[in-house]
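# Coordinate inspection notes
If you want the building blocks of each chain, they are given just below.
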Amino acid sequence: MSKSIVYYGSPRQARLEAEETLPAKLDLILERLHLRDRVKGETVAIKAHVGGNIGYSTVHPVFLRKVVQAVKDGGGHPFVTDVDWDVAGSETRGYTREVLGCPVLPSAGINEAYHYVHHREYKNIKEWKVAGMIQDASFLVNFAHVKGHPSCGFGAAFKNIALGCMVGETRSAIHDTNHYDRYWFGELCPDEAIRQRIKEACPFGAIVDDKERPGDLHIHFEPCNQCKRCLQVAPPGSLKIDPVNFHSFMEANAISVAITLSTFEPGKAVHLALATHMTPVCDCFGFTSMPILPDAGIFGSDDIVALDQAILDVIAKTRLIEENVPTSMEVWYRDGHPFQLLHGPYKDPYKVVEYGEKLGLGSREYELVDVLPVAEFVRAPMAYISASGA
Ligand code: SF4
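Residues numbered from 1 in each chain as written. Predicted model: local features only at pLDDT ≥ 70, side-chain atom pairs only at ≥ 80, totals over all residues. Heavy atoms only, no water.

This part takes up the overall build of the chain. Of the regular secondary structure elements, the chain holds 13 helices and 14 strands. Against the compact-globule benchmark of 21 Å for 390 residues, the chain has a radius of gyration of 23 Å, which places it among compact chains. Across the 390 residues in the chain, those meeting the buried criterion constitute 57%. In the structure as shown, the chain presents an accessible area of about 17200 Å², 53% of it carried by carbon and sulfur atoms. (Helix = DSSP H or I, 4+ residues; strand = E, 2+ residues; numbered from the N terminus. Rg over C-alpha atoms; globule rule 2.2 N^0.38 Å. Buried < 20%, exposed > 50% of the residue type's maximum accessible area, 1.4 Å probe, protein only. Areas by Shrake-Rupley, 256 points an atom, 1.4 Å probe, with all protein chains shown as cover.)

We now examine the site of the ligand. Every residue near the ligand is listed here: Cys202, Phe204, Ile207, Cys224, Asn225, Gln226, Cys227, Lys228, Arg229, Cys230 and Ile241. Residues that form the shell around the ligand fall into these classes: 7 nonpolar, 2 polar and 2 charged. (Near = heavy atom within 4 Å. Nonpolar A, V, L, I, M, F, W, Y, C, P; charged D, E, K, R; others polar.)

Phi at asparagine 53 takes a positive value of approximately 50°, unusual for a residue other than glycine. Assignment of secondary structure puts asparagine 53 in the loop between β2 (43–47) and α3 (61–73). If you check the backbone angles, glutamine 226 has positive phi at about 60° while not being a glycine. Secondary-structure assignment places glutamine 226 in the loop between β11 (217–219) and α10 (243–261). Judged by relative accessible area, glutamine 226 falls into the buried class, the value being 2%.

So, on to helix α9 (residues 192–201). Within the span of α9, buried status applies to Arg195, Ile198, Lys199 and Ala201. In an axial view of α9, the angular spread of the buried residues amounts to 160°, which keeps them on one side of the axis. For α9, the exposed residues set more than 90 degrees away from the buried face come down to Arg197 and Glu200. Considering only its buried residues, α9 is in contact with β10 (207–209) and β11. Where α9 begins, the side chain of aspartate 191 points an oxygen toward the backbone nitrogen of alanine 193, at a separation of 2.8 Å. (Arc of directions from axis to C-beta. Contact = heavy atoms within 4.5 Å. Polar contact = N/O pair within 3.5 Å; in protein donor to acceptor, adjacent residues only side chain to side chain.)

This part covers the side chain of serine 4. Note that serine 4 resides in strand β1 (residues 4–9). Exposure remark for serine 4: the relative accessible area of 15% places this residue in the buried category. If sequence neighbours within four positions are ignored, serine 4 has contacts with Asp303, Ala306, Ser363, Glu365, Tyr366 and Glu367.

Here the focus is the packing of aromatic side chains. Inspection of the entire model under this criterion finds 8 aromatic pairs. Ring geometry for tyrosine 114 against tyrosine 116: centres 5.9 Å apart, planes inclined by 55°, an arrangement best described as tilted. According to the relative accessible area criterion, tyrosine 114 is partly exposed, its value standing at 34%. With relative accessibility at 28%, the residue tyrosine 116 sits in the partly exposed group. Consider the rings of phenylalanine 154 and phenylalanine 339, whose centres lie 5.7 Å apart with planes at 35°: the pair is tilted. In this pair, phenylalanine 154 sits in strand β9 (residues 153–155) while phenylalanine 339 sits in helix α12 (residues 338–343), placing the two residues 185 residues apart along the sequence. Accessibility classification places phenylalanine 154 together with phenylalanine 339 in one group, the buried group. Each member of the aromatic cluster is reached from another via a ring pair, and the members are Tyr183, Phe221, Phe246 and Tyr346. (Phe/Tyr/Trp six-rings, centres within 6.5 Å; stacked < 30°, edge-to-face > 60°.)

Let us now look at the domain arrangement of the chain. Per the domain assignment, the segments of the chain are domain 1 (4–175 + 249–370) and domain 2 (182–241). Taking the mean C-alpha position of each, domain 1 and domain 2 sit 34 Å from one another. Domain 1 puts 11 residues into the contact, and the matching count from domain 2 is 10 residues. For the pair domain 1 and domain 2, the summed buried surface comes to about 830 Å²; carbon and sulfur atoms form 42% of the total. When the buried area of domain 1 at its contact with domain 2 is split by residue, Glu330, Trp332 and Tyr346 rank highest and sum to 55% of it. The partner of arginine 229 in a salt bridge is glutamate 330, with the nearest N and O atoms 2.5 Å apart. The interface formed by domain 1 and domain 2 contains 9 residue pairs in polar contact (both at pLDDT 80 or more). (Domains from an automatic or database assignment. Buried area = accessible area lost by both parts, 1.4 Å probe. Salt bridge = Lys/Arg side-chain N within 4 Å of Asp/Glu carboxyl O.)

Within the secondary structure layout, cysteine 202 lies in the loop between α9 and β10. Sequence spacing of cysteine 202 and alanine 173 is 29 residues, and the spatial spacing of their C-alpha atoms is 25 Å.

Here it is, written out as structure tokens:
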């Protein structure tokens, strides 16, 4: 597959001027993507996560307003959309028609009753319910905020569609793919006292009694960072901490994206991502904690695989800000991507793009085009003046 283009706006600037900032670089990216030329007469769904409760690190309305304006300039009919309970109350975070310049609508209607069913079997999932407003749109602008994620290490363009364009029932089923492959073999651990010790061995409370099968254990994979302390207590073979359980969620994300994008004609979707104030976990949590990575900039592409790959590659060159990691989390793994340091080696953030490429959604080979490279700032020559003024 040939190289895709990913347009990129660096968070760095040479001068303290508006045209070197990220909203201005978004304008340049929209121009390079020819968004205005592509949306005439189109009903354009701008899918963004509008956050919840008191979160403030989602894509700021200033950025969304620019996309809305570009769509209007091009003769398109935009609406901003997200799942219903995040849209409800989103005005408290600044996402209103007045601010954005277009309606803010629940993607599957009130109570997520409006959807289309797609049949495709993957582990525990047989039906995928795509939000009705998304499938009815003729053009998609997928505008993601980049952040960590407790199930797959990170969330960006893939996750914004995979979870954000399906109804709650499908979102839950996608999360449940973690549990499809068996990891607890209770017949090898009949002793209740040992099961109790296994639960107590996990410093994150990730192992609990299985509510549906008394005597069995259940892992909450979100807080699990694969430290494997539990395996030191469990009888041999009774418990597995296996990549397959973690990777299932990522593969399900890729399939979900493939299904949603299949409802758009070729060339009728663009993908944008803002990598600022990246928190340890996703914006669904309803709050914003401290950033755990330096800002990485803004990205845009027609190719969702190339986009998320480029984001990860840019972030890979930065470092985890460990002093901002909540003390309830533990950084024990030192050998991978910064998101793996945070969430553990099996939550490899590259898996989702690997699965996406296999499904034909795009290419991991890309060219990164900086829309406004940071200028070399040359100071005017001046006579020597000592710093102290002495
Ligand atoms: S691997 Fe570590 S974090 Fe995961 S369940 Fe076992 S003890 Fe808990």
